[in-house]
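# Coordinate analysis (summary)
Each chain is listed here by its residues.
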Amino acid sequence: MCTRRASTTPRVRASSLIAALTVLAASAAPARATTRAVPAQYKTIQAAITAAVNGDLVLIAPGTYSESPTLAGKTLTVASYYQSTGDRNYIAQTIVDGKGSGWVFRVQPCPIAPTFVGLTLRNASDGVRATGKFRFIDCRVTGTGDGIDYEGGAGGLVMGCVLEGNSDDGIDFDNEVNAVILNNTIQNNGDDGIEIRMQPYTGPQLSIIIHGNTISGNREDGIQLISSNVWTSRKITVEDNLIVNNSMAGVGMMCCENTVENYQGANIVERVGLFNNTISGNDHGVTGGDSLLALNNLIVNSTHIGLKNSNAGSIT
């Protein structure tokens, strides 16, 4: 249990999150020009996306749509009726089924991040496969491999979503990604809740903020960080999360590009901030870190070890 808090730390962390969200809000879609209705005007989501121009809304009626749309080069909003009504029943009623293909939605670079609101995605290798930034709000992803697969150049915001029952990771990070993962439920996935592969990278510092999520019941780690054994320009902040009852580590750090948890507690040198989390009921609580800053966490009810191999420049 870590209980000591520096008096200025919460203000610094809160301002960092606010700044990140401000940048994401500034990159939201411009005012809508036209509503493209599916299936009333366009039989498929892809047809509506193809016809749309920057700022348009692709509005999807309740139903099941068996397709794998790609969004590239356009700033759009793709949404169910939930967006305008606030009725959460529309999330479950508006299903995009990838038919076992590589993805349900593919997002390639766009001038400003597109937005997805109030959809259920299922049945593909990835729920969203992205090489561009996007905003994913109040959606559900289930029955895929990775719920969200961030590749190099991707990022954005995932907020208020449920990522559950996917065979691999709830969210998978690869290469250069900046993202905010905020107030989601990430549960009962076949591997990690969130997996972050820290491939070699130099350049402007990358930031991943994981804030206010419930991460539970995943079959490997709640959050797993995987080092490539070289320092990279990344900062990872894990704050105010409930990380409980995952089969292996609550927060596990691995070396050598190894994703199979062995509780080694790798000497990851990038700054990892662990603040105000409840980490309970995992096999191990937190493993690894040479620059771990862990303040005000509850690390309790671990089957074997609460905190392992957090040393060198770490503070707990």
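Residues numbered from 1 in each chain as written. Predicted model: local features only at pLDDT ≥ 70, side-chain atom pairs only at ≥ 80, totals over all residues. Heavy atoms only, no water.

## Considerations on the overall build of the chain
Stated precisely, the cut-off is as follows: Helix and strand labels come from DSSP, where a helix needs a run of H or I of at least four residues and a strand needs a run of E of at least two; each type is numbered from the N terminus. Contacts are residue-level and defined by heavy atoms, with any inter-residue pair within 4.5 Å sufficient. Residue exposure ignores everything except the shown protein chains as possible cover, and the areas themselves are Shrake-Rupley values with a 1.4 Å probe.
Of regular secondary structure, the chain possesses four helices and 28 strands. Considering only intrachain contacts with a sequence separation of at least 6, the fraction spanning at least 24 residues in the chain is 53%. Accessible area for the chain stands at about 12000 Å²; split by element, carbon and sulfur atoms hold 51% of it.

## Description of the sheet that holds strand S26 (residues 292-295)
Put simply, the rule reads: Paired strands are those between which DSSP finds at least two bridges. Lines are fitted to the C-alpha atoms to define the axes, a helix being fitted only along its stretch in contact, and any angle between axes, read from their N-to-C directions, falls within 0 to 180 degrees.
In spatial order, the strands read S1-S2-S5-S7-S9-S11-S14-S17-S20-S23-S26; together these eleven strands make up an open sheet with parallel pairing. The open sheet has two edge strands, strand S1 (35-38) and S26, and neither has a second partner. Direction aside, neighbouring strands of the sheet carry axes that sit 10 degrees apart on average. Taken together, the four bridges between strand S14 (residues 178-182) and strand S17 (residues 206-211) define a ladder with parallel strand orientation. Bridge pairing in S17 links Val 180 to Ile 209.

## Brief notes about the pattern of salt bridges
Under the convention used in this document: Should a side-chain nitrogen of Lys or Arg be within 4 Å of a carboxyl oxygen of Asp or Glu, the pair is scored as a salt bridge.
Using the criterion set out here, one finds seven salt bridges in the structure. Asp 174 is the salt-bridge partner of Arg 197, the closest N and O atoms lying 3.9 Å from each other. Here the residue Arg 197 occupies a position in strand S16 (residues 194-198), and Asp 174 occupies one in the loop between strand S13 (171-173) and S14, the gap between them amounting to 23 residues.

## Description of the environment of Ala 61
Short version of the rule: Burial classes: relative accessible area under 20% of the type maximum marks a residue as buried, over 50% as exposed, and values in between as partly exposed (1.4 Å probe, protein chains only).
With respect to the helices and strands, the residue Ala 61 is situated in the loop between strand S2 (57-60) and strand S3 (63-66). Ala 61 sits in the buried class, given a relative accessible area of 13%. The sequence separation of Ala 61 and Ala 79 amounts to 18 residues, and the corresponding C-alpha distance is 8.9 Å.

## Examining the nonpolar core
Rules: We call a set of buried Ala, Val, Leu, Ile, Met, Phe, Trp, Tyr and Cys residues a nonpolar core when their side-chain atoms join them within 4.5 Å.
Phe 105, Phe 116, Phe 136, Tyr 150, Phe 173, Ile 181 and Ile 194 are the most contacted members of the largest nonpolar core, which totals 63 residues. Formed by seven residues, the second largest nonpolar core is a distinct cluster that contains Leu 57, Ile 91, Val 117 and Ile 137.

## A short note on the packing of aromatic side chains
The geometry of an aromatic ring pair is captured by two quantities: the separation of the ring centres and the angle between the planes. Filter applied, for reference: Pairing of aromatic side chains requires ring centres within 6.5 Å, counting the rings of Phe and Tyr and the six-membered ring of Trp. Pairs whose planes differ by under 30 degrees are stacked, by over 60 edge-to-face, and all others tilted.
Considering all chains together, one arrives at seven aromatic pairs under this definition. Ring centres 5.5 Å apart and planes at 70 degrees place the aromatic pair Tyr 81 and Tyr 90 in the edge-to-face group. A residue is classified by how much of its surface remains accessible, and Tyr 81, at 29% relative accessible area, is partly exposed. Ring geometry for Tyr 150 and Phe 173: centres 4.9 Å apart, planes at 20 degrees, overall stacked. One end of the pair, Tyr 150, is in strand S10 (residues 140-150); the other, Phe 173, is in strand S13, and 23 residues separate them in sequence. Here the two residues Tyr 150 and Phe 173 agree in accessibility, since each one is buried. Taken together, the ring pairs connect Phe 105, Phe 116, Phe 134, Phe 136, Tyr 150 and Phe 173 into an aromatic cluster.

## Considerations on the pairing of S1
Short version of the rule: Here, the term right-handed applies to a crossover whose path from the first strand over the helix to the second runs clockwise when the strands point away from the viewer.
Where S1 lies against S2, four bridges are found, and the strand directions are parallel. Bridge pairing in S2 links Thr 35 to Leu 57. With helix H2 (residues 45-51) bridging S1 and its parallel neighbour S2, the resulting β-α-β unit is right-handed.

## Description of the side chain of Glu 164
Rules: Here a polar contact is taken to be a pair of N or O atoms separated by no more than 3.5 Å, where protein atoms must pair a possible hydrogen donor with a possible acceptor and residues adjacent in sequence count only if both atoms sit in side chains.
Tracing the backbone shows Glu 164 in strand S12 (residues 162-164). Judged by relative accessible area, which is 17%, Glu 164 ranks as buried. Side-chain polar atoms of Glu 164 contact the side chain of Arg 140, separated by 2.8 Å. At a separation of 2.6 Å, a polar atom in the side chain of Glu 164 contacts the side chain of Gln 187. Once residues within four sequence positions are removed from consideration, Glu 164 is found in contact with Arg 140, Val 141, Thr 142, Gly 143, Gln 187 and Asn 189.

## Side note on the state of the cysteines
Selection criterion: Any cysteine sulfur atom paired with another within 2.5 Å is treated as part of a disulfide.
Overall, the coordinates contain one disulfide when judged by the stated rule. Lacking any disulfide linkage, Cys 139 is separated from the closest cysteine sulfur, that of Cys 161, by 4.9 Å.

## Here we look at the confidence of the model for the chain
Any region with low pLDDT has predicted coordinates that should not be read closely. Just so we agree on the cut-off: Confidence per residue, as judged by the predictor, is encoded in pLDDT with a range of 0 to 100.
Averaged over the chain, the pLDDT score is 91; the fraction of residues at 70 or greater is 90%. Residue range residues 1-12 is modelled with pLDDT below 50. Its contacts to residues more than four positions away, or to other chains, number 16 contacts.

## Comments concerning the side chain of Asp 191
The following threshold applies: Only four residue types enter the charge count, namely Lys and Arg as positive and Asp and Glu as negative; His and the chain termini do not.
Inspection of the secondary structure puts Asp 191 in the loop between strand S15 (185-187) and S16. Of the side chains with opposite charge, Arg 197 lies nearest to the buried Asp 191, which makes no salt bridge, at 6.9 Å.

## Considering the environment of His 304
Along the chain, His 304 turns up in the loop between strand S27 (298-300) and strand S28 (305-308). For His 304, a relative accessible area of 58% translates into the label exposed. Each C-alpha atom of the pair His 304 and Asn 282 lies 8.5 Å from the other, and the pair is 22 residues apart in sequence. Each residue touching His 304, except ones within four places of it in the same chain, is listed here: Asp 283 and His 284.

## Details of unusual backbone geometry
The linkage connecting Val 38 with the following residue, Pro 39, adopts the cis geometry, with an omega of 5 degrees. Position of Pro 39 among the secondary structure elements: in the loop between S1 and H2. Positive phi, normally seen in glycine, also occurs at Lys 99, with a value near 60 degrees. Structurally, the position occupied by Lys 99 is in strand S6 (residues 94-107). Backbone geometry at Asn 301 places phi at a positive 60 degrees, although glycine is not the residue there.

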